[in-house]
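Structural characterization, general
One-letter residues, chain by chain:
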Amino acid sequence: MNLSVFGTGNMGQAMIRGLLAKRAVKAQDLRLYDKDIQKAAALADEIGAVSCTEIEQALTGADTILLAVKPNVVPIVLQAIRPFLDNQLLISIAAGITISDLRRLAGPDVAIARVMPNTPALIGAGVSAVCFDQVSAEQQQKTTELLSACGRVYPVPESAMDAVTGLSGSGPAYIMLVIESLADGAVRQGLPRDLALEMAAMTVYGSAGLVLESGKH
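1. Side note on the overall build of the protein chain
When its secondary structure is counted, the protein chain shows nine helices and eight strands. Taken over C-alpha atoms, the radius of gyration comes to 19 Å for the protein chain, in line with the 17 Å a tight globule of 217 residues would show. Based on the C-alpha atoms only, the size of the protein chain along its principal axes is roughly 60 × 40 × 30 Å. One way to put it: in the protein chain the 17 positive side-chain charges average out to a point 3 Å from where the 21 negative ones average out.

The following block contains the structure:
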């Protein structure tokens with residue numbers, strides 16, 4: 001697979017590192033593009049990928065495009081890359097950008113996968129909800145395999161995406177606050193900060209594992 005990634009911010013990097021960690025894609029088959037050229041270049045140098053300074057260069061030979069930019073930047077990026085789109089698979093992780101938005105901006109012939117991932121993708125423990133439009137069975141399988149390298153994948157109707165965004169998309173930030181609050185309470189009772197934080201994190205981790213193992217809330 002030749003993967004072109006537009007956007008190397010937090011979520012883009014989390015997915016890239018997750019894919020590499022699970023060996024779902026080879027570093028030399030990754031082409032990175034970001035409006036912050038130095039950021040993309042630094043990441044490419046670190047992981048052994050190709051840093052691109054031009055849109056056409058980033059899309060050369062790519063069969064799959066990962067759109068990992070901020071939602072407000074999506075129209076700008078798709079307008080720029082549309083002349084170079086052909087039969088590629090376009091995977092968008094931009095929150096709130098619907099399939100109809102992507103179709104209008106990318107054109108009638110591109111296969112589209114809309115995904116809501118989350119940051120635990122960085123350690124292979126992410127949640128990705130996905131819905132498709134004009135995507136072949138082979139492309140659906142490719143998308144699922146790609147996302148599976150970053151955690152669990154759940155096909156959903158697009159009507160469920162807002163709920164997913166609030167649950168698994170935003171959820172990690174709330175859980176981080178829970179962990180911090182648990183640790184703060186323990187520190188006030190005399191535990192060292194590093195020990196309190198580790199114990200709080202392990203408590204949440206174990207509780208989540210227990211839910212998944214038992215099937216009970």
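Resuming the write-up.
2. A short note on the packing of helix H8 (residues 171-188) against helix H9 (residues 193-214)
Put simply, H8 and H9 touch, their axes get as near as 8 Å, and they point 135° apart. The angle between the axes of H8 and H9 places the two elements in the oblique class. Pair H8 / H9 crosses with right-handed handedness. Residues Ile175, Ile179, Leu182, Ala183, Asp184, Ala186 and Val187 of H8 form the contact with H9, whose participating residues are Arg193, Ala196, Leu197, Ala200, Ala201 and Val204. Of the residues belonging to the contact of H8 with H9, the class tally is 11 nonpolar, no polar and two charged.

3. A look at the packing of aromatic side chains
Under the criterion given, the structure shown has one aromatic pair. Seen in terms of ring centroids, Phe6 and Tyr33 are 5.4 Å apart; in terms of plane orientation they differ by 50°. Their pairing is tilted. Of the two residues, Phe6 is situated in strand S1 (residues 3-6) and Tyr33 in strand S2 (residues 30-33); the sequence distance between them amounts to 27 residues. Both residues of the pair, Phe6 and Tyr33, count as buried.

4. Topic: the sheet that holds S1
Pairing in this open sheet of eight strands is mixed, and the strands run S3-S2-S1-S4-S5-S6-S7-S8 from one edge to the other. Among the strands making up the open sheet, the edge pair consists of strand S3 (50-51) and strand S8 (151-155). Relative to S3, S2 runs parallel, the two sharing two bridges. Paired with Arg31 across the two strands is Val50, which belongs to S3. Sheet contacts for helix H1 (residues 10-21): S1, S2 and strand S4 (64-67); angle to S2, the most-contacted strand, approximately 170°. In the packing of helix H4 (residues 74-81) onto the sheet, the strands contacted are S1, S4 and strand S5 (89-92), and the crossing angle to S4 comes to about 155°.

5. Regarding the pattern of salt bridges
Under the definition given, this model contains six salt bridges. Residues Arg17 and Glu46 are paired through a salt bridge, measuring 2.9 Å at the closest nitrogen-oxygen approach. With Arg17 in helix H1 and Glu46 in helix H2 (residues 37-47), this pair connects stretches of sequence that are 29 residues apart. Residue Arg17 is classed as partly exposed on the basis of its relative accessible area, which comes to 26%. As a salt-bridge pair, Asp133 and Arg103 come within 2.7 Å of each other at their nearest N and O atoms. Residue Asp133 is found in strand S7 (residues 126-133), and its partner Arg103 is found in helix H5 (residues 99-106); the two are separated by 30 residues along the sequence. Given the relative accessible area of 24%, Asp133 is considered partly exposed.

6. Re the pairing of S8
Side chains on a regular strand alternate between the two faces of the sheet. Bridging between S7 and S8 involves five bridges; their strand directions are parallel. Directly across from Val130, in S8, lies its bridge partner Pro155. Taken together, S7, helix H6 (residues 137-148) and S8 constitute a β-α-β crossover, and its handedness is right-handed.

7. Regarding the layout of surface pockets
In this structure, the largest pocket spans a volume of roughly 1100 Å³. If you trace the largest pocket, you find 29 residues lining it, with Asn118, Pro120, Ala125, Val127 and Ala208 closest to the centre. Secondary structure elements with two or more residues in the lining of the largest pocket: S7, S8, helix H7 (161-169), H8 and H9. Residue contributions to the lining of the largest pocket peak at eight residues, all from H9.

Thresholds applied
Think of each chain on its own: its residues are numbered from 1, step by step along the sequence as written. Thresholds applied to this predicted model are a pLDDT of at least 70 for local features of residues and 80 or more for the giving and counting of side-chain atom pairs; totals over whole chains, interfaces and linings are not thresholded and use all residues. Excluding hydrogens and water, the side-chain values take into account all heavy atoms of the structure. Helix and strand assignments follow DSSP, with helices taken as H or I runs no shorter than four residues and strands as E runs no shorter than two, numbered in order from the N terminus. For a compact globule the rule gives 2.2 Å times the number of residues to the power 0.38, and the radius of gyration it is set against comes from C-alpha atoms. The charged-residue count follows a simple rule in which Lys and Arg add positive charge and Asp and Glu add negative charge, with His and chain termini not counted at all. Charge placement uses NZ in Lys and CZ in Arg. For Asp and Glu, CG and CD serve respectively. Throughout, an axis means a line fitted to C-alpha atoms (over the contacting stretch in the case of helices), and angles, computed between N-to-C directions, take values from 0 to 180 degrees. Note on angle classes: values under 35 degrees are labelled roughly parallel, values over 145 roughly antiparallel, values of 65 to 115 roughly perpendicular, and the remainder oblique. Throughout, a crossing is termed right-handed when the near helix is turned clockwise from the far one, and left-handed when it is turned anticlockwise from it by less than a right angle. We call two residues contacting when some pair of their heavy atoms lies within 4.5 Å. Three classes are used, and their members are as follows: Ala, Val, Leu, Ile, Met, Phe, Trp, Tyr, Cys and Pro are nonpolar, Asp, Glu, Lys and Arg are charged, and the others, Gly among them, are polar. Here a Phe, Tyr or Trp ring, Trp counted by its six-membered ring, pairs with any other such ring whose centre lies within 6.5 Å, and the pair is stacked when the planes are under 30 degrees apart, edge-to-face when over 60, and tilted otherwise. Burial here depends on accessible area, computed with a 1.4 Å probe over protein chains only, as a share of the maximum for the residue type. Under 20% is buried, over 50% is exposed, and the range in between is partly exposed. Strands pair, by our definition, only if DSSP identifies at least two bridges between them. Here a salt bridge means any side-chain nitrogen of Lys or Arg lying within 4 Å of a carboxyl oxygen belonging to Asp or Glu. Crossover handedness is defined by viewing with both strands directed away from the observer: a clockwise path from the first strand over the helix to the second marks the crossover as right-handed. Note on definitions: the grid is 1 Å and covers protein atoms alone; a cavity is a set of points where a 1.4 Å probe fits but cannot get out; a pocket is an open set with protein on both sides within 12 Å along at least five of seven lines; lining residues have an atom within 4 Å of a point. Grid points are joined across faces, edges and corners, and a volume is the space filled by probe spheres set on the points.

So, to be careful, I would describe these as geometric facts and stop short of saying anything about function.
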